[in-house]
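# Descriptive structure summary
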Amino acid sequence: MNKNILKFLLVILVGVILWFVPVPNGLDVKAWHLASIFIATVLGLILSPFPLGAMAIFSMTTVVALDLIPIKSALKGFGDTTIWMIACAFFISRGFIKTGFGRRVGYLFISKLGNSSLGLSYGLVMTDLIFAPAMPSTSARCGGIITPLFLSISNAYDSTPEKGTQNKIGAFLVQCIFQCNAITCAMFLTSMAGNPMIAKFVENMGYTISWTDWAKAAIVPGLLSLLVIPYVLYKFYPPELKHTPEMKAIAKEKLKEMGKMTTKEWIVLGVFSYLVIFWVLGSFLKIDATFTAFVGLCILLLTHALEWNDVISEKEAWHTIIWFAILMTLASQLNTLGFIPWFGNYVAESVKGLPWLPMLFILLLVYYYVHYLMASAIAHISAMYVIFVSISIAAGAPPMLAILLFAFFSNLNMSITHYSSGPAPILFGCGYIPLAKWWKIGFFMSLVILAIWLLVGTAWWKAIGLF
C-alpha cells in the first residue's frame, strides 16, 4: 500500500480514537470532538500524506459534516484581515524578484563587502535582512534572491560539488545563508508565513502583538546573531578561500550590466519603504496593517510593476490563504467552545508552585529541539505554540515575554536540519555540504543561537520592560 495512504489512515485512526475517548470533566462534548479533529489535523500536517492546504480542506469538510461548525462559520476565516495582509506581502515580494531589484541590492552589498569570503557572507545576510520585513515567503527570499547570488559567487570561484571544490567558498556561504535566514525570520512579524498565525493564536488568548512590539523585542538579539553567526562559522568551518577581491569587481560589473535602476525598480523600492514605515508607525497612526499592504499592492498593479497574472500565479500565497484561514477558524472555534480556557486552567493546576523562570527556559529548550521531529514550522506552531505559552503563563511567566519568546523560537529552530524549513531543502539540495556535517553544524550553531537569545536577549527584554 502507498506510504502516504498509510499515513492518512493513521491520521484518521488517531482522530477516531480521540473522538471516542471519554470527555474530560468540565469540558463540553462539542469542544472535545473539535479538539480531536484539530489534533488529527496537526498530525496530518506533520506526517504530510497530502499537501498542507489539502489537509486543511479535509479538516474543514469533516467538522462541517459532523455539525461542529456551520459552513458559513467555517468559511469566515477567509475574511480575516491578517490572512490578507500576509497574502499581499507574498504578492508584493514577487515584485522584488520580477523587476531584478532583489539582485541589484545583493550585488550592491557584495560590491561593498566582497573583499573577503567573510565580507561576502555579510553581504548575502544583509540582503536577506533588507527584504525580510516585506517578504514572508522564506522560500522566495532564498530561492528567488539569495540562492542565485550565492551560486553565482561560488561558480565565479569554481567552487562546486561536481568538481569537489565546494569547500573553497560555497559550503561556508550556504551555511551562513541558512543559519542567518532563521534569524531574519524571527525578527519581524511579516518575515515568515507562520508568524501572523502566531499573532492570531495570541489574539484568541486575549493578547495583542503589533508589528512594532515584535520587531522591538527581536532587534537586539537578532542583529547580534547576524553579526556573530558568519564570524563563528568562519572560525569553526572556514572556507579555503579567504580573500576575494575579484568579487567586488564582478559585482560592480553585474551592476553595470543591469544599468541604472528602472522605473519599476524605483516603484518597488518606494512601495517597500512605504510598507516598512507604515507597518512600524501603523499602531501609532491607527492605520490597519492589512490596508497598508493592499495599498502597496494596488500601487504595483497600477504602475504595472506587477501584472495581475503575477498575482494569480503566486501559488504559495494562495496556498497560504487556504490553510491559514481554515486553521485559524478551527483554533478560534476551540476557544469559543471553551477548550483553550479549560486547557489553560488544567495546566495552571499542574504547574502550581513551580518557579516561572527555570520552567520557561526548560520549555523553550524543549520547544526548540523538538523541531528535529518536524518538517514544517507551520505544523510545529499549530501543534505546540498555544500549549507551551499556556504552560509558561500558568507557571507565572509574564504573558508578553512568554508569547514573544515562543514566537521567536518558532523561527530560530528552523536552522537545525535539512528539512526544517522552506529554504532548507533548497540550500541543502545545492549539494555543498553532506548530510552528517549539515546536522553537526546545525546543532553546534543552535548552541550559539540559544546563548545569544537567552543571555543577551533576556537582558534586552528586561531593559524594555517585558518582565
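To start, this report covers the structure provided alongside it. Every chain is numbered independently, its residues counted from 1 as its sequence is written. Where local features are concerned, this predicted model is filtered to residues with pLDDT of at least 70; where side-chain atom pairs are given and counted, the filter is 80 or more; whole-chain, interface and lining totals use all residues. Water and hydrogen atoms play no part in the side-chain values, which are based on all heavy atoms of the structure.

### Things to note about the overall build of the protein chain
So the rule is basically this: Helix and strand assignments follow DSSP, with helices taken as H or I runs no shorter than four residues and strands as E runs no shorter than two, numbered in order from the N terminus. Only the C-alpha atoms count toward the radius of gyration. The rule for a globule is 2.2 Å times the residue count to the power 0.38. Relative accessibility under 20% of the residue-type maximum defines a buried residue, over 50% an exposed one, and the middle range a partly exposed one, all with a 1.4 Å probe and only protein chains included. Only heavy atoms enter the contact rule, under which two residues are in contact if any of them lie within 4.5 Å. For the charge count, each Lys or Arg is scored as positive and each Asp or Glu as negative, with His and the chain ends excluded. For this purpose, a charge sits on NZ of Lys, CZ of Arg, CG of Asp or CD of Glu.
A tally of helices and strands in the protein chain yields 22 helices and zero strands. Relative to a compact globule of 467 residues, whose C-alpha radius of gyration would be 23 Å, the protein chain shows 23 Å and is just as compact. Taking the principal axes of its C-alpha atoms as reference, the protein chain extends roughly 70 × 55 × 50 Å. Here the protein chain holds 467 residues, and 55% of them are scored as buried. If you take every contact in the protein chain between residues at least 6 apart in sequence, the share linking residues at least 24 apart comes to 79%. With 29 positive and 19 negative side-chain charges, the protein chain shows a separation of 5 Å between the mean positions of the two kinds.

### Let's talk about the nonpolar core
To be explicit about the condition: Note on terminology: a nonpolar core comprises buried Ala, Val, Leu, Ile, Met, Phe, Trp, Tyr and Cys residues joined through side-chain atoms within 4.5 Å.
Counting residues in hydrophobic clusters, the biggest one holds 168 residues, and the most contacted among them are Phe96, Phe339, Tyr385, Phe408, Phe409 and Trp453. With 13 residues, the single largest contributor to this core is helix α9 (residues 170-187).

### Topic: the side chain of Asn413
Stated formally: Two N or O atoms count as a polar contact when they lie within 3.5 Å, although within protein this holds only if one can serve as hydrogen donor and the other as acceptor, and sequence-adjacent residues are included solely when both atoms are side-chain atoms.
One can find Asn413 in the loop between α20 (399-412) and α21 (423-428). Owing to a relative accessible area of 0%, Asn413 belongs among the buried residues under this scheme. A polar contact of 3.0 Å, which involves the side chain of Asn413, links it to the backbone oxygen of Phe409. Excluding residues that lie within four positions of it along the chain, Asn413 makes contacts with Tyr367, Tyr368, His371, His380 and Ser420.

### Notes on helix α16 (residues 315-336)
Here is the rule: Here, expected helix span is obtained from the residue count minus one, scaled by 1.5 Å.
If you check α16, its first and last C-alpha atoms are 32 Å apart, about what 22 residues at 1.5 Å a residue would give, namely 32 Å. Just beyond α16, the residue with positive phi is Gly338, at close to 95°.

### Comments concerning the pattern of salt bridges
Worth spelling out the cut-off: Any carboxyl oxygen of Asp or Glu that lies within 4 Å of a side-chain nitrogen of Lys or Arg is treated as forming a salt bridge with it.
Using the criterion set out here, one finds six salt bridges in the structure. For Lys200, the salt bridge is made with Asp80, and the minimal N-O distance between the two is 2.8 Å. On the criterion of sequence distance, the pair formed by Lys200 in helix α10 (residues 195-204) and Asp80 in the loop between α4 (71-74) and α5 (81-98) is long-range, its members being 120 residues apart. Residue Lys200 is classed as buried on the basis of its relative accessible area of 9%. Accessibility expressed as a relative area gives 15% for Asp80, which makes it buried. As a salt-bridge pair, Arg104 and Glu265 come within 2.6 Å of each other at their nearest N and O atoms. Here Glu265 lies in helix α13 (residues 263-285) and Arg104 lies in helix α6 (residues 101-113), a separation of 161 residues in the sequence. Taking the relative accessible area as the measure of exposure, Glu265 reaches 2% and is therefore buried. In the salt-bridge network here, residues are joined through shared partners; they are Asp80, Lys200 and Glu203.

### Observations regarding the state of the cysteines
Two cysteines whose sulfur atoms are joined by a covalent bond form what is called a disulfide. Applied cut-off: The disulfide criterion used throughout: a pair of cysteine sulfur atoms within 2.5 Å.
Tallying each qualifying case throughout the model produces zero disulfides. Of all cysteine sulfurs, the one in Cys298 lies closest to Cys88, which takes part in no disulfide; the gap is 7.9 Å.

### Focus: the packing of helix α18 (residues 356-369) against helix α22 (residues 435-463)
Test applied: Inter-axis angles, ranging from 0 to 180 degrees, are taken between N-to-C directions of lines fitted to C-alpha atoms, where helices are fitted over the stretch in contact. What sets the label is the angle itself: under 35 degrees gives roughly parallel, over 145 gives roughly antiparallel, 65 to 115 gives roughly perpendicular, and the rest give oblique. What makes a crossing left-handed is the near helix being turned counterclockwise from the far one by less than a right angle; a clockwise turn instead makes it right-handed. Three classes are used: nonpolar for Ala, Val, Leu, Ile, Met, Phe, Trp, Tyr, Cys and Pro, charged for Asp, Glu, Lys and Arg, and polar for all others, with Gly counted as polar.
The contact between α18 and α22 brings their axes to 12 Å, and the two run at 150°. Considering their axes alone, α18 and α22 lie roughly antiparallel with respect to each other. In this structure, α18 meets α22 at a crossing whose hand is right-handed. Contacts between α18 and α22 involve Phe361, Leu364, Leu365, Tyr368 and Tyr369 on the former and, on the latter, Phe443, Ser446, Leu447, Ile449, Leu450, Leu454 and Thr458. In the contact of α18 with α22, the residues fall into ten nonpolar, two polar and no charged.

### Observations regarding helix α14 (residues 289-302)
Under the convention used in this document: The directions from the helix axis to the C-beta atoms form the arc being described.
If you check α14, its first and last C-alpha atoms are 20 Å apart, about what 14 residues at 1.5 Å a residue would give, namely 20 Å. All of the buried residues in α14 are Thr290, Thr292, Ala293, Gly296, Leu297 and Leu300. Buried residues in α14, looked at end-on, bunch into an arc of 160°, giving them a common side. Facing away from the buried side of α14, by more than 90 degrees, are the exposed residues Phe291 and Leu302. The N-cap residue of α14 is Asp288: its side-chain oxygen and the backbone nitrogen of Thr290 are 2.8 Å apart. Phi for His304, located one or two positions after α14, is positive at around 65°.

### Focus: the packing of aromatic side chains
Note the following rule: For Phe, Tyr and Trp, where Trp contributes only its six-membered ring, two rings pair if their centres lie within 6.5 Å, and the inter-plane angle classes them as stacked under 30 degrees, edge-to-face over 60, or tilted in between.
Taken as a whole and assessed by the stated rule, the structure comprises 29 aromatic pairs. Ring geometry for Phe8 against Phe50: centres 5.1 Å apart, planes inclined by 80°, an arrangement best described as edge-to-face. Of this pair, Phe8 sits in helix α1 (residues 3-20) while Phe50 sits in the loop between α2 (29-47) and α3 (52-65), and the two are 42 residues apart along the sequence. With a centroid separation of 5.9 Å and 65° between ring planes, the pair formed by Phe172 and Tyr234 is classed as edge-to-face. On the criterion of sequence distance, the pair formed by Phe172 in helix α9 and Tyr234 in helix α11 (residues 211-236) is long-range, its members being 62 residues apart.

### What to know about a nonpolar patch on the surface
The criterion, for reference: For patch detection, residues must exceed 30% relative accessible area and be free of salt bridges, and they are connected within 9 Å for like charges or within 5 Å for nonpolar side chains (Val, Leu, Ile, Met, Phe, Trp, Tyr). Note on areas: Shrake-Rupley with a 1.4 Å probe; residue coverage comes only from the protein chains shown.
On the surface, Ile5, Leu6, Leu9, Ile12, Val16 and Phe20 cluster together to form a nonpolar patch covering roughly 550 Å² of accessible area. When you line up the elements, Ile5 lands in helix α1. Its relative accessible area of 36% is what places Ile5 among the partly exposed residues.

Shape descriptors only; they carry no functional weight alone.
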